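Geometric and topological summary
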Amino acid sequence: MNPNVKMVQKQIRSFNKAYSRVLNADKLTPQGLAITGDLIEYDRMTQAGFAKAGTRYLENMTEEELLAYSADIEDAYDIVRWDKEMSEFELSAKDPESLLWKMYDQLDINGVAFDSDDVKDVIDGVYEVGYKEMASKMYKLLKNKDYGMSDFNNWFQSQRSLS
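Here's what I pulled together on the structure shown here. (Residues numbered from 1 in each chain as written. Predicted model: local features only at pLDDT ≥ 70, side-chain atom pairs only at ≥ 80, totals over all residues. Heavy atoms only, no water.)

Some words on the overall build of the chain
- Counting its regular elements, the chain contains 8 helices and 0 strands.
- Counting from the amino terminus, the chain carries its helices and strands in the arrangement α-α-α-α-α-α-α-α.
- Against the globule reference of 15 Å for 163 residues, the chain gives a C-alpha radius of gyration of 16 Å, in line with a compact fold.
- Oriented by its inertia axes, the alpha-carbon framework of the chain measures out at about 45 × 35 × 30 Å.
- Within the chain, buried positions represent 40% of all 163 residues. (Helix = DSSP H or I, 4+ residues; strand = E, 2+ residues; numbered from the N terminus. Rg over C-alpha atoms; globule rule 2.2 N^0.38 Å. Buried < 20%, exposed > 50% of the residue type's maximum accessible area, 1.4 Å probe, protein only.)

Below you can see the structure in the form of C-alpha cells.
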C-alpha cells in the first residue's frame, strides 16, 4: 500500500471531523460552504457530503491525484477553520477588500513581512486568486507557527501561474 494513503486518510478524517463540527454549529457561511464544496468536488464526496477517505478509493488514485486531493483537503480545512473564526476580525464577507487589508494589517502588527503589492494585485484583479483563499492563507500565517512566508509564497506563485 502507498504510504501516502494513510497520511491522506488521517488528513481527510481530521478535516471531516472539523467540517462536521462547524456544520452542526451552523458556523460556516454560505461562501465558505461553496468554496469547500468546490475544493472537495462532487465525485470525491460521500453521499453525506463529506470527503471520501476509504482505503480502496484512495489506493485507486495515481500519486499525482492523491497529492492533489491532499492539497485540496488542506485548502478546504483552512477555509473551514478560517471561516469559523472570522468573527475574530469582525468583518463581513461582503467586503473582501477590507478583509484582505485587515489581514495585511494583522500580519504587519505581528511582524510578518508581507508584500502589500500582493494584496493590491489580488484586489485589482491582476491575479485570479480568490479573496477567501488568500485571506485563509494569510490567516494561516498568523495562527500556524509551522506555516511561514516561504509556504505562502509557494502557494501564491502556484496560484499566479494559474492566472
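Some details on helix α2 (residues 30-40)
- When α2 is considered as a whole, its buried residues turn out to be Gly32, Ile35, Thr36, Leu39 and Ile40. Taken around the axis of α2, the buried residues stretch over an arc of 130 degrees, which confines them to a single face. Exposed side of α2, more than 90 degrees from the buried face: Pro30 and Asp38 are the residues found there.
- Where α2 terminates, the next one or two residues include Glu41, which has phi positive at roughly 75 degrees. (Arc of directions from axis to C-beta.)

Quick notes on the packing of aromatic side chains
- According to the stated counting rule, one finds 11 aromatic pairs in the structure shown.
- With a centroid separation of 5.7 Å and 85 degrees between ring planes, the pair formed by Tyr19 and Phe50 is classed as edge-to-face. In this pair, Tyr19 is assigned in helix α1 (residues 3-24) and Phe50 in the loop between α2 and α3 (55-59), connecting sequence segments 31 residues apart.
- On the basis of relative accessibility, which here comes to 22%, the residue Phe50 falls in the partly exposed class.
- Between the aromatic rings of Tyr57 and Tyr69, the centroid separation amounts to 6.3 Å while the plane-to-plane angle is 85 degrees, which identifies the pairing as edge-to-face. Here the residue Tyr57 occupies a position in helix α3, and Tyr69 occupies one in helix α4 (residues 63-84), the gap between them amounting to 12 residues.
- Tyr57 sits in the partly exposed class, given a relative accessible area of 25%.
- Accessibility expressed as a relative area gives 0% for Tyr69, which makes it buried.
- A network of ring pairs unites the aromatic residues Trp101, Tyr104, Phe114, Tyr127, Phe152, Trp155 and Phe156 as a single cluster.
- Above the face of the Tyr77 ring, Arg81 is positioned so that its terminal group lies 4.0 Å from the ring centre. (Phe/Tyr/Trp six-rings, centres within 6.5 Å; stacked < 30°, edge-to-face > 60°. Lys NZ or Arg CZ within 6 Å of the ring centre and 35° of its normal.)

Remember, this is a structural readout, not a statement about activity or role.
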